[in-house]
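Survey of secondary and tertiary structure
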Amino acid sequence: MDWDKLRIFHAVAGAGSLTHAGDTLHLSQSAVSRQIRTLEESLDATLFHRHARGLILTEQGELLFDATKAMSKRLDAASARIRDSDEEMYGELRVTTTLGFGLMWLAPRLHHFYEKYPNIKIDLMLEERVLDLPMREADVAIRMKEPSQADLIRKRLMSVTMQLYASQGYLEQNGTPAELADLKHHRLLCQRTTSKQVNAAASFVQRLLAYNVPSMLTVNNYFGVLQGVKHDLGIGVLPDYVTQDVPDLVPVLPDEKSVEVPVYLAYPEELRASKRISAFRDFVQEEIIIHRKGILVEQAM
């Protein structure tokens, strides 16, 4: 198949429109249409259903689009590795992690990374869905469990636990629980147990709910729980990595916590030699060391 026609097909399939694809490719609509028609003739297949609102891929078109997406990701990886051979690091680094870890731990520290590497563009993808690194949905991931794919390089970064926290204002107004049974006099703020999260967190919340907590606020991510705690709404279940950056949080029943959750950094084997990956990995490890030292200082005070 003609590579140039595949490139045009990929743009049209992604845009769902000849006009929008033409704008991206700097080609006229008629030129794009002609190339697609020629490709369909060479394959003896219809790739798009035409309708008033745009184009929809046929079953054959979906098969070809899957192939061109894989090709595009491989070409992006090759391009990144070639750029990494230069002395000065630049280009895009696609990082994925959970919404809570990304917003509450990683994002506040990224200015340290940019101080060293101002020419690297980070595309930070925050979602609970595990992106497919071998298929290049992202370059590097920070995950709350060990990745299962065999063709990934993984590095254990640290462990976190889920614990109970409240604001000083809330505790002054409502009192401080002395034992778990006292939670029946308080409002519990937590992720809903049906939300995507690590099993340790859901199990910890289930254990707390056994004490007949009468009032609750459930949110689908830890950032929302944190905002509720900061605004005196109740006692929240939060990962312990937020404590250093939010000094106004007060631990509640500090001996009660979830089991440890391992945190891993992972990236595809094919990016082993990537200088951008190495720079980001070293940055995260350095920030974790600083984070741990800060916690030890707090505990000693």
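Refer to the structure presented above.
Scope of this entry: the structure provided in the associated data block. (Residues numbered from 1 in each chain as written. Predicted model: local features only at pLDDT ≥ 70, side-chain atom pairs only at ≥ 80, totals over all residues. Heavy atoms only, no water.)

A separate point is the sheet that holds strand S9 (residues 215–219). In space, the 5 strands of this open sheet follow the order S9-S8-S10-S7-S11, with mixed pairing throughout. Looking at the sheet topology across the chains shown, the edges are occupied by S9 and strand S11 (249–257). Strand after strand, the sheet turns through a mean of 30° between neighbouring axes, direction not considered. Here strand S8 (residues 187–191) runs beside strand S10 (residues 235–239); their pairing, made up of 2 bridges, is parallel. Bridged to Leu188 within S10 is Ile235. Across the face of the sheet, helix H9 (residues 222–230) comes into contact with strand S7 (162–167), S8, S9, S10 and S11 while running at roughly 140° to S10. (Pairing = 2+ DSSP bridges. Helix = DSSP H or I, 4+ residues; strand = E, 2+ residues; numbered from the N terminus. Axes fitted to C-alpha atoms, helices over the stretch in contact; angles between N-to-C directions. Contact = heavy atoms within 4.5 Å.)

Bringing H9 into the picture now. Listing the buried residues of H9 in full gives Tyr222, Gly224, Val225, Leu226, Gly228 and Val229. The backbone nitrogen of Phe223 lies 3.1 Å from a side-chain oxygen of the residue at the head of H9, namely Asn221. Two residues or fewer after H9 comes Asp232, characterised by a positive phi angle close to 65°. (Buried < 20%, exposed > 50% of the residue type's maximum accessible area, 1.4 Å probe, protein only. Polar contact = N/O pair within 3.5 Å; in protein donor to acceptor, adjacent residues only side chain to side chain.)

Ranked by internal contacts, the top residues of the largest apolar core, which has 60 residues, are Leu106, Ile142, Leu164, Val237, Leu238 and Phe280. Of all the elements, helix H10 (residues 275–300) adds the most residues to this core, at 6 residues. With residues up to four places along the chain from it excluded, the contact list for Leu106 reads Val95, Thr97, Phe101, Leu124, Ile142, Phe280 and Phe283. (Core = buried A, V, L, I, M, F, W, Y, C linked by side-chain atoms within 4.5 Å.)

Relative to S9, S8 is paired through 5 bridges, and the arrangement is parallel. Following the sheet pairing, Leu188 is matched in S9 by Met216. Tracing the backbone out of S8, into helix H8 (residues 199–209) and back to the parallel element S9 gives a crossover that is right-handed. (Right-handed = clockwise from strand over helix to strand, strands pointing away.)

Our focus in this paragraph is the side chain of Thr68. If you trace the backbone, Thr68 turns up in helix H4 (residues 59–83). A polar contact of 3.0 Å, which involves the side chain of Thr68, links it to the backbone oxygen of Phe65. Aside from chain neighbours lying at most four places away, what touches Thr68 is Leu6, Phe9 and His10.

Once that is clear, we can look at the sheet that holds strand S6 (residues 152–160). Each strand in a sheet pairs with another by means of backbone hydrogen bonds, the pair being arranged parallel or else antiparallel. Pairing is mixed across the open sheet formed by 5 strands, whose spatial order is S4-S3-S5-S12-S6. Edge positions in the sheet fall to strand S4 (120–126) and S6, since each has one partner strand and no second. Put simply, the sheet's adjacent strands are angled 20° from each other on average, direction ignored. Of the pairings in the sheet, the one linking strand S3 (residues 91–97) to S4 comprises 7 bridges and is parallel in character. Note on S4: the bridge partner recorded for Gly91 is Ile120. Set on the sheet, helix H5 (residues 99–106) makes contact with S3, S4, strand S5 (140–143) and S6; between it and S3 the angle comes to about 115°.

Backbone geometry places Asn212, a non-glycine residue, at a positive phi of 55°. On the secondary structure map, Asn212 appears in the loop between H8 and S9.

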